[in-house]
Structure formats: structure tokens, C-alpha cells
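# Notes for the structure review
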Amino acid sequence: MSSAAAVGAGKVVCVTGASGYIASWLVKLLLGRGYTVRATVRDTADPKKTLHLQSLDGAKDRLHLFKASLLEEGSFDSAIGGCECVFHTASPFYHSVKDPKAELLDPAVNGTLNVLRACKKASIKRVIVTSSMAAVGYNGKPKTPDVVVDETWFSLAELCEKNQQWYVLSKTLAEEAAWKFSKDNGFEIVTINPAMVIGPLLQPTLNTSAEAILKLINGSSSTYPNLSFGWINVKDVALAHILAYEVPSANGRYCMVERVAHHSELVELIHKMYPDIPVPNKCADDQPFVPTYQVSKDKVRSLGMELTPLGTSIKETIESLKEKGFFTFESSHL
Ligand SMILES: NC(=O)c1ccc[n+]([C@@H]2O[C@H](COP(=O)([O-])OP(=O)(O)OC[C@H]3O[C@@H](n4cnc5c(N)ncnc54)[C@H](OP(=O)(O)O)[C@@H]3O)[C@@H](O)[C@H]2O)c1
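These numbers were taken from a predicted model, which means no experiment stands behind them.

Rules used throughout
Residues numbered from 1 in each chain as written. Predicted model: local features only at pLDDT ≥ 70, side-chain atom pairs only at ≥ 80, totals over all residues. Heavy atoms only, no water. Pairing = 2+ DSSP bridges. Helix = DSSP H or I, 4+ residues; strand = E, 2+ residues; numbered from the N terminus. Axes fitted to C-alpha atoms, helices over the stretch in contact; angles between N-to-C directions. Contact = heavy atoms within 4.5 Å. Near = heavy atom within 4 Å. Polar contact = N/O pair within 3.5 Å; in protein donor to acceptor, adjacent residues only side chain to side chain. Areas by Shrake-Rupley, 256 points an atom, 1.4 Å probe, with all protein chains shown as cover. UniProt positions renumbered as here; feature names shortened; annotations may be inferred. Buried < 20%, exposed > 50% of the residue type's maximum accessible area, 1.4 Å probe, protein only. Right-handed = clockwise from strand over helix to strand, strands pointing away. Expected span 1.5 Å × (residues − 1).

### Structural notes on the sheet that holds strand β8 (residues 196-198)
Taken in spatial order, the three strands line up as β8-β10-β12 in an open sheet, and their pairing is mixed. Two strands lie at the open edges of the sheet, namely β8 and β12 (259-262), each paired on one side alone. Along the sheet, successive strands turn relative to each other by an average axial angle of 45°, direction set aside. Packed onto the sheet, helix α12 (residues 310-323) meets β8, β10 (228-233) and β12 and runs at close to 60° relative to β8.

Structure follows, in C-alpha cells:
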């Protein structure tokens, strides 16, 4: 155990949706700091959801799996009762949905309230909720290179709905519901609002944000999308969750974006690092590139952390996708 281990020794915390991409890193870092972790998963009998957690250092003694579903009222009560802190990460993240209400909105919003009600019953002092930049920047205000987005920005639910941005809507409504619950019940929450999260995968399955990089390197498309996204490393996101609990003065929302980059810049970065990977070399449309913008790092730096540079995060993602067999390119330098 590292010297940071003492921080969590004897403390029991809960992570919801523990088998997910971000949550797996959160569990790993929590175990590394000595915490005892109650990890909720939907199917405790599915090795794809549990083995990677059970093989983490410290898991044998300090990881306990609990079965829980966002859509079942009271489902989280036993996992949360007796914990000092809850990290609520569980929420569906994918784009091809047939029934947005059933697949995304209900689990995100009702699931968050379900978890928060369990936290209230258990008198949890602070709950860290995994929100998203999706709940921050989707408000119709122009975003250009001179604009600095920060935690005072809130996405507009009506706009998400009008544009059928269902995942963005699910995160916007879930965060709104969480803050309302916090206010109505005099109960402390902190939200972590990451942009697109990349970096190494611990779980054996492909998650939505790592797939965005995979699509640029696996030859599936000859074009890159005309999109600019914020990017952030998964290990930084996991650490910010923990610091949001451990740092007594932590409060409010924490935007997490190392850098906003257009996809053309991503393919350039990849090409420089891996000249043999045939990345797409033209944009999917002939419109002007969607502009980049800035996102303030002041708040997240106040937790005492720095963010991993985008190039490093991309490299870590590619190495991990290769190692896990999602991507093979025989003549590459990988
Ligand atoms: N990755 C990103 O770029 C990004 C950016 C900003 C915010 N976020 C947020 O971060 C959180 C984790 O995302 P991720 O990228 O790590 O995605 P992920 O790997 O797909 O993990 C999502 C987790 O949510 C759980 N879940 C989904 N529906 C559920 C339900 N009905 N009941 C119980 N659990 C349910 C999943 O459980 P199963 O394993 O059982 O399916 C999984 O553990 C989400 O809140 C997401 O909105 C992600």
C-alpha cells in the first residue's frame, strides 16, 4: 500500500456502477488509498463486470460487491447503509437509443434520486455525483476560442430536448434533480463534470468515450467528424472524485477538461505519434471546423491536482485498446 493508504484506512465508501470505465479506476484508486469499497453492479454473477474489480490490489480484503439497479427503488439501501461517502457514477452512456425515456432519462434521473434517497436514509455527509460537461455547456451560448466555460454555466434542458440530444438531456436533468434534492434536504453533494474521458481501460468491454478514439484508428472511417470536444484523462477524473470527498472545502461543481480539440487535431496528434496508423485524413463535411473554446481549470486545480496532457491521454488510450485486442494493426509501431 502507498503512503496515501492511511487516508482511507478504516473508512467504508460506496461506488455505484462500479464496473464501468470511470468507476473501475475510482475503485482502484480508493483501494490504493486504503478504503474499504462497496461496489454496486447490476449483475454480480457476470465476470465481465466483476473480475477486473476483484483482481485489483486490496480487493480480496476490502472490496465488497452488491447487486443494485438504478430503476429499482430501495435497491442501493444495503450497499449505502453504514458508508462514510457515496460516489454515484452509475448512469447509461451510449448514443444509439430507441426509447430515450426508458433507456437514458429514467435511469439517469430516477436512478440518481433513488441513490440520493438511500444516502439520506443512511445520513451520508457528502455524496460525489458523476455529472458531465454535457450538463454545463449545452445552452446555446456561442463557444469560440476566446470564450471560457466554467462551473457557472448550465445546459438548458429545453434545448437538449429540441435537438434530441438525449444523453446530454439525461445528464442535465439528473444533475438538476440532484441539486434540487440537495437543497430540499439540506444535504451536501459535489458534482464532477468531465468532458470526453479517455485513457487506459481496466474493464474488458469497450465504453463509449474510448470508442471515439478507436473509431479514428481502426480504419472504420475515411473521414473524421467535424466536432470539437473537451478531453480528460480517466485517472484524473477518478482522483478528482476522491479529492472532492477528502478535501473538506470541496464544494459545488468541478468542470474537468484538459483541452478542447477538434477531431482534425486528434488525428494529427495520432499521426505524429503513430505514423503507420492510417487515420482519416479528411473531414466528414466541407463546413468550417466547429470552433474550439476554453474551459477553466481554476476550480479543479483548487483540489490540488494537475491534468494529464491530451497527447499522453491519447497515447494511453491507444496502447490500452491495442493491449485489450480492440485494435490490431500489424505493421504499426504499437
Ligand atoms: N466516459 C465519459 O466520457 C463520460 C464523460 C462525462 C461523464 N460521464 C459519466 O460518468 C459515468 C460513468 O460513465 P462511463 O464512461 O464510465 O460509462 P460506462 O463504462 O458505460 O459505465 C456506466 C455504468 O453505469 C451503470 N448503469 C447503467 N445503467 C444502469 C442501471 N439501470 N442500473 C444500474 N447501473 C447502471 C453500468 O452498469 P453495468 O455495468 O451493469 O452496465 C456501468 O457500470 C456516467 O454517469 C456518465 O454519464 C462519462
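Back to the text.
### As for the site of the ligand
Taken together, 26 residues sit near the ligand, with Tyr-21, Arg-42, Thr-89, Tyr-167 and Lys-171 positioned nearest. Within the side chain of Tyr-167, a nitrogen or oxygen atom sits 2.6 Å from an oxygen atom of the ligand. Here an oxygen atom of the ligand and a backbone polar atom of Val-197 are 2.9 Å apart. In isolation the ligand offers 880 Å² of accessible surface; the protein chains occlude 90% of this area. Of all the secondary-structure elements, those providing two or more residues to the shell around the ligand are α1 (21-32), α7 (166-184) and β8.

### Some words on the UniProt feature "domain: NAD-dependent epimerase/dehydratase" (unreviewed entry) in the protein
Per the UniProt entry, the sites bearing "domain: NAD-dependent epimerase/dehydratase" (unreviewed entry) are residues 13-250 in this numbering. Between the C-alpha atoms that bound residues 13-250 there is a distance of 17 Å. The span itself is 41% helix and 18% strand.

### As for the side chain of His-241
For His-241, the location among the structural elements is in helix α9 (residues 234-246). Non-local contacts of His-241, meaning those with residues more than four positions away in its chain, are made with Ile-22, Leu-26, Phe-87, Ile-128, Thr-130 and Ile-192.

### Here we look at the pairing of strand β4 (residues 85-88)
Taking every second residue as pointing to the same face, both faces of β4 are buried, with Cys-85 and Phe-87 on one and Val-86 and His-88 on the other. Note that β4 and strand β5 (residues 126-130) share four bridges and pair parallel. Paired with His-88 across the two strands is Val-129, which belongs to β5. Considered for its hand, the β-α-β crossover made up of β4, helix α5 (residues 100-121) and β5 is right-handed.

### A look at α9
Here α9 contains 13 residues, and its C-alpha end-to-end distance of 19 Å stays within 8% of the 18 Å for a straight helix at 1.5 Å per residue. Of all the 13 residues making up α9, ten are buried; the element is thus mostly covered by neighbouring parts of the structure. Taken residue by residue, α9 has Val-234, Asp-236, Val-237, Ala-238, Ala-240, His-241, Ile-242, Leu-243, Ala-244 and Tyr-245 as its buried positions. Regarding α9, its N-cap is Asn-233, as a side-chain oxygen of that residue lies 2.8 Å from the backbone nitrogen of Lys-235 further along.

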